[in-house]
Amino acid sequence: MNITLDADKCCAAGQCVLIAPDVFDQRDEDGVVVLLDAAPPADQHDMVREAAAICPAAVIQVHE
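Rules used in this analysis
Residues numbered from 1 in each chain as written. Predicted model: local features only at pLDDT ≥ 70, side-chain atom pairs only at ≥ 80, totals over all residues. Heavy atoms only, no water. UniProt positions renumbered as here; feature names shortened; annotations may be inferred. Helix = DSSP H or I, 4+ residues; strand = E, 2+ residues; numbered from the N terminus. Contact = heavy atoms within 4.5 Å.

For the chain, the name recorded in an unreviewed UniProt entry is Ferredoxin, with Streptomyces paromomycinus as its organism. As its UniProt record puts it under Cofactor (unreviewed entry), the chain is described as follows: "[3Fe-4S] cluster".

Printed below as a string of structure tokens:
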């Protein structure tokens, strides 16, 4: 799995951080998503898929 982001479209909802905190974080100044691990381990894959699906701005792209 490989993850890419379009952070310019991020609306700072923070759902990705709640679902997969080992993979996503938010910038302190504006809450925009920060990718901590672009190639997370297998035990994180389901959470990353869920985060991508729930993202209201659809900024998370998962490449399997």
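Picking up after the structure, the text goes on.
So, about the environment of Val 59. Within the secondary structure, Val 59 sits in the loop between helix H2 (45-54) and strand S4 (60-63). Residues Val 59 and Val 17, spaced 42 residues apart in sequence, show a C-alpha to C-alpha distance of 13 Å. If we ignore the near neighbours within four places in the chain, the residues touching Val 59 are Thr 4, Leu 5, Asp 6, Lys 9, Cys 10 and Val 33.

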